[in-house]
Amino acid sequence: MLSEHLDNYAFEDEWLSMGNPAVKVISVLADPAGIRDAINRAGATFDASGVIKMDKANMTASANESVTEINPDDMARVNPASPTHSAEELVQWALFTAIRCRASDLHLEKYYNLVRFRARMDGNMRTILTAPEAMLQRFVALIKNYAGMNQSRQEAQDGRFALSVGNRRVDVRVAAVPTRREFQKVIMRFLDKQDGVKRLSDFNLGQRQVDILNRTMSRDQGLILVTGPTGSGKTTTLYALINSVNDESVNIQTIEDPIEYEIEGINQTQINPHYGLDFANGLRALLRADPDIILIGESRDAETANSAVNAALTGHLVLTTLHANDSLRAVSRLMSMGVEKYLLADSLALSQAQRLVRRLCTYCKKPMAVPQDIQDMMAKQNVISQPVTHPIFVATGCKECHGTGYAGRVALMEICEISNELRH
């Protein structure tokens, strides 16, 4: 019984407070899992005998986010094929390699009788490290420790930590997802602070598109939708839009999940379902904060969508994302979520759809003549009226692009300004 165990301990306030009379010690009862969770969040681990070991790198971090330091010189000496390296060295090598290759995500998962790390580079997944299946639990435990996650919980959970690689800081968002036979998959998304918040000028838009966006952002009220699949850069576009009007004359409020980049001068709110703060509740709270411009990370449900439309009708410029195939299908998507047609017609100012496509590597791309069959197809579709004489470029692959032939991505945007005719 628990009471029998408690009887074996004698608590002395003087010893617990280390002789400091200003320290008041209060004894409370907690379950072992909760204690381990708190110790993990404090940046500690357990050795084989169960003794707590503090991680000095994590002791300097904030209460909510640990910082893991990776030395590039140490990583240069790691041979991932060698069985002599520790689990921590391999995890840090995988993180370092993914960041060096400018990956957006890193996946840790079981694959047959192996464990593999796959990095998403320019939208495509590539395996960068494999290890024996027996290493999986150690890898998962290490990453959970970095992210301040509960080691004993097998259900889905989220966390985050920061990586310090030389003079570079990268924030890492972590999600642990249970899979079959009690294995867990861990997904890490990288947010590089070095890249910062983009501006509209970074998107290589045409002047007509820039004029439409600037004109829409200068409105006093209205709804701006940015649509596209997951990972198409919608949040990046929203940040660029609000950053274009970020000055002391306007009050900009956001509600996001998560806050990907912190922007000076903008009040950003992180949703927290554990405390009842979701997009719908958060938006109602923001409307009492006297905002001029509101950014809603995503309109996921009917309540949030209707609240966004109503806010856009009552003197606020509202920006949000939506999952739709193109800019005009966003209209039918909102109507299917229960938004009335007449409210949507009055509130919608602009709908934009976007996709990310890979760029050819500038170091190794090679010119070639446009094949005749492609010219015939373009002529048949009235894309061209005469033969194309200038060359096009093709991917080849080099060490700069890690043999892929591509380096970086560019956004293709379809921007639809809602005119009176469309409104009708």
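The structure displayed is predicted, hence computed values, not measured ones.

Turning next to unusual backbone geometry. The omega torsion across aspartate 257 and proline 258 is 0°, close enough to zero to call that bond cis. Assignment of secondary structure puts proline 258 in the loop between strand E11 (252–256) and strand E12 (267–270). Even without being a glycine, aspartate 290 presents a positive backbone phi close to 55°. By the secondary structure assignment, aspartate 290 is in the loop between helix H10 (279–286) and strand E13 (293–296). Overall, the relative accessible area of 64% leaves aspartate 290 in the exposed class. The residue asparagine 382 is not glycine, and still its phi comes out positive at about 60°. The topology assignment puts asparagine 382 in the loop between helix H14 (372–380) and strand E17 (392–394).

Residues in a regular strand project their side chains so that they alternate between the two faces of the sheet. Most of strand E4 (residues 105–111) sits inside the fold, with 5 of its 7 residues counted as buried. Pairing of E4 with strand E5 (residues 114–121) involves 7 bridges; the strand directions are antiparallel. Each bridged residue has a counterpart across the sheet, and for tyrosine 111 the counterpart in E5 is leucine 114. The antiparallel hairpin formed by E4 and E5 contains 2 residues in its connecting segment, where tyrosine 112 sits at a positive phi of about 55°. Bridge analysis of E4 against strand E9 (residues 184–192) gives 4 bridges, and the strand direction is antiparallel.

Only one face of strand E3 (residues 66–70) is buried, namely the one carrying Ser66, Thr68 and Ile70, since none of Val67 and Glu69 on the opposite face is buried. Direction of pairing for E3 relative to strand E7 (residues 157–165): parallel, over a ladder of 5 bridges. Across the sheet, the residue bridging to serine 66 is phenylalanine 161, located in E7.

Below, the discussion takes up the sheet that holds E7. If you walk across this open sheet you meet the 7 strands as E3-E7-E8-E9-E4-E5-E6, and the pairing is mixed. At either margin of the open sheet sits one strand with a lone partner, and together these are E3 and strand E6 (124–132). Averaged over all adjacent pairs, the angle separating strand axes in this sheet is 25°, with direction ignored. Running at roughly 165° to E6, helix H6 (residues 87–100) makes contact with E3, E4, E5, E6, E7, strand E8 (168–178) and E9 of the sheet.

At a closest axis distance of 8 Å, the pairing of H10 and helix H11 (residues 302–313) adopts a crossing angle of 25°. Taken as axis vectors, H10 and H11 run roughly parallel relative to one another. For the pair H10 and H11, the crossing hand works out as left-handed. Note on element contacts: H11 touches H10 through Glu303, Thr304, Ser307 and Ala308, opposite Phe279, Ala280, Leu283 and Arg284.

Glancing now at the side chain of arginine 116. Here arginine 116 is to be found in strand E5. Note on arginine 116: relative accessible area 13%, which makes it buried. Of the polar contacts made by the side chain of arginine 116, one reaches the side chain of glutamate 109; its length is 2.8 Å. Setting aside chain neighbours within four positions, we find arginine 116 in contact with His107, Leu108, Glu109, Tyr111, Thr127, Leu129 and Thr130.

How each quantity is defined
Residues numbered from 1 in each chain as written. Predicted model: local features only at pLDDT ≥ 70, side-chain atom pairs only at ≥ 80, totals over all residues. Heavy atoms only, no water. Helix = DSSP H or I, 4+ residues; strand = E, 2+ residues; numbered from the N terminus. Buried < 20%, exposed > 50% of the residue type's maximum accessible area, 1.4 Å probe, protein only. Pairing = 2+ DSSP bridges. Axes fitted to C-alpha atoms, helices over the stretch in contact; angles between N-to-C directions. Contact = heavy atoms within 4.5 Å. Parallel < 35°, antiparallel > 145°, perpendicular 65-115°, else oblique. Left-handed = near helix turned anticlockwise from the far one by under 90°. Polar contact = N/O pair within 3.5 Å; in protein donor to acceptor, adjacent residues only side chain to side chain.

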